[in-house]
Structure formats: structure tokens, C-alpha cells
Amino acid sequence: MIQNLLRLRNFKGTYPEKISLFFSLTMLDRKSRLFNKPTNNFVHQWFLKYKVFSYKYSNLRYLFNEIFISNDYYFESITKSPLIVDCGANIGMSVLYFKRLFPDSKIIVFEPNPYAFALLKRNMEINNIENLELHNVALSDKETEISFYIDDNRGTLGGSVNKVRGGSNELKVPAKTLSGYLKNISAADLIKIDVEGAESNLLTDLVESGMINKGKEYIIEYHHNMNGEKSRLSYFLEVFEAQGFNYNIRTTYKKVNSFQDILLHFYKK
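None of the values given here were measured: they were computed from a predicted structure. (Residues numbered from 1 in each chain as written. Predicted model: local features only at pLDDT ≥ 70, side-chain atom pairs only at ≥ 80, totals over all residues. Heavy atoms only, no water.)

Checked against the element boundaries, Glu111 lands in the loop between β4 (106-110) and α5 (114-126). One buried charge, Glu111, has no salt-bridge partner; the nearest side chain with opposite charge is Lys192, at 7.1 Å. In this structure Glu111 touches Gly88, Ala89, Asn90, Ala116, Phe117, Leu120, His135, Asn136 and Val137, once residues within four positions along its chain are discounted. (Helix = DSSP H or I, 4+ residues; strand = E, 2+ residues; numbered from the N terminus. Buried < 20%, exposed > 50% of the residue type's maximum accessible area, 1.4 Å probe, protein only. Lys, Arg positive; Asp, Glu negative; His and termini not counted. Salt bridge = Lys/Arg side-chain N within 4 Å of Asp/Glu carboxyl O. Contact = heavy atoms within 4.5 Å.)

Here it is, written out as C-alpha cells:
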């Protein structure tokens, strides 16, 4: 309970909202301890005005803390109706966060995991979220069919094109290029990318297609030292620097050579 009070210090909301969230998070903590085995059944919890479904209570707790409490995806816009591209939306918690920030926004959403995508659709429909495009595809540097891996939790947060990262269950999913969608818009106010290790492929596509400047801002979760893969962070930074972007970086690590989620926020002055 004390941890939930400390978390809510960072929440951007009214006092009544904080009280409501305190009880929601406390209840969710209890449910996570009692009912945390992966199942094929849906569970749900109310957050603020949203009813959110998942396959595990612990997933809901993690997503709400990461997105609504930590404000990882916060950005400012000069328009009340920004166009947002959400690459890797999982069950849609990030979409709800963006809609809370900008109710009149239009959001183009991508999620490759068919099980997470089913929940994404359900969460959008039950909360009456409008002005969306939902795409059940992976994003890569070419259009093809690829292997996508998940563990026994169908709504896993770690589904990936990398088997070691994703899990032992292989799915075949369609892959599209982000540039193929961006060519049909003038600009996106924000492109958010959290694709569990496929971010380098997305960047390659944006560079080769000349579409990287279609995004006014980018928020990217870069997965560093994933399963001992070669470091490519300098490539990421160099590409955006060459296009005139500035950036902020947020990360932590426990020991040398450990895996890191690095949050990169690219913008132009």
C-alpha cells in the first residue's frame, strides 16, 4: 500500500483520481498475488474511467505503472488533435494513455501478437475509443511473413521476433514496412516504437525509404544487450543526429553487460 502511495506522487491527475487509482492499484496487487498463473481467460481491472482486459493481472499492473505512472510516453503538442503512430501497442494501454492526453487525437496502431491484438480491439471497443486504425501486423524492413515468438502467456509483454527474448511458441505473422503507411500521411506528431528488439529493422526501413522525417518526434524503447547481440545504439543516435534530431535518454542497469531497456525521446528544437 505504501508503494502505491509513493507511485501516485508522479501521477499527473486530480486528487480524486489519485484516490481512485490508489484503490485500483491496491486491489490489482492483491489479485496479482492470488491469481497470477497464465490462462486463456480474460481478467480485467478499472483504471480511472477505463475498463482494461488482459490475460494476467500482473501484466495490467506492470503496464499501468510503466505508462500512466512513469509517463514514459508523455509528449506535448501544439495541436489538440495530433496524429500518433503506436508501433507495438500490446493490449492498448499506451493508446488509452495517449487518448487521455489528447482525446481528439488520431492514432494508427500496430500489434503483431494476434492474442494481444484481440484484447487491444476489445479494450478499444468497450471504452468507446474512436478515431483509430488498428493493424495486426509486425513492422520490419520488408514485407513478408516472419516468425514471432511468445511464451505461455498469450498476452505476453515480451513477444518478439527474437526467440530467446520472446519464448518457445512460434507464430507466423505478416510483416509490413512502416514507411508503407507513412507515405500516405503528411506527418506524424509522434511515432512511438516498442517492438521488443525489431527497432533496428524499423529504422533501416525509415532511412532507406527517406521517411524518417515524417515523424516530428519519436519515443523509442531501445533494447540494449539483448541476448548478447552486438550493440547498435550508436547507429541509432547517429541516424537521428544526421537528420537534425536532438534527444533525451533514460535508463538504468544493475551490472556490467546486463540487458537494458533504454528510452530514447527524439525531437527537433
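Let's pick the thread back up.
Taken in spatial order, the seven strands make up an open sheet running β5-β4-β3-β9-β10-β12-β11, and their pairing is mixed. Of all the strands in the sheet, the pair left with one neighbour each is β5 (132-135) and β11 (246-250). Across the sheet, the mean angle separating the axes of adjacent strands is 15° when strand polarity is ignored. With four bridges joining them, strand β3 (residues 83-87) and strand β9 (residues 190-193) adopt parallel strand pairing. Residue pairing for β9: Ile84 is matched across the bridge by Leu190. The strands touched by α5 within the sheet are β4 and β5, with β5 carrying the most contacts at an inclination of about 165°. Sheet strands touched by helix α9 (residues 233-242): β10 (218-224), β11 and β12 (260-267). Its angle to β12, the strand with the most contacts, is close to 5°. (Pairing = 2+ DSSP bridges. Axes fitted to C-alpha atoms, helices over the stretch in contact; angles between N-to-C directions.)

This part takes up the environment of Ala89. Tracing the chain through its elements places Ala89 in the loop between β3 and α4 (93-101). The buried category is assigned to Ala89, whose relative accessible area is 4%. When near neighbours in sequence (up to four residues on either side) are disregarded, Ala89 contacts Ser94, Val95, Val109, Phe110, Glu111 and Lys192.

There is about 480 Å³ of room inside the largest pocket. Residue lining of the largest pocket: 34 residues in total, with Gly88, Asn90, Leu157, Asp194 and Glu196 positioned closest to the centre. Contributions of two or more residues to the lining of the largest pocket are made by α3 (57-69), α4 and β6 (138-140). Broken down by element, the lining of the largest pocket gets its largest block of residues, five residues, from α3. Grouping the constituent residues of the lining of the largest pocket by class yields 17 nonpolar, nine polar and eight charged. Counted as a void, the second largest pocket has a volume near 340 Å³. Residue lining of the second largest pocket: 14 residues in total, with Tyr62, Glu66, Ser70, Asp72 and Asp261 positioned closest to the centre. Breaking the lining of the second largest pocket down by element, the ones donating at least two residues are α3 and β12. Looking at the lining of the second largest pocket, the element that brings in the most residues is α3, giving four residues. Taken together, the residues of the lining of the second largest pocket sort by class into four nonpolar, four polar and six charged. (1 Å grid on protein atoms, 1.4 Å probe; cavity = no way out; pocket = protein on both sides within 12 Å on 5 of 7 lines; lining within 4 Å. Points joined across faces, edges and corners; volume = space filled by probe spheres on them. Nonpolar A, V, L, I, M, F, W, Y, C, P; charged D, E, K, R; others polar.)

Geometric descriptors of this kind do not, in isolation, establish any biological role.
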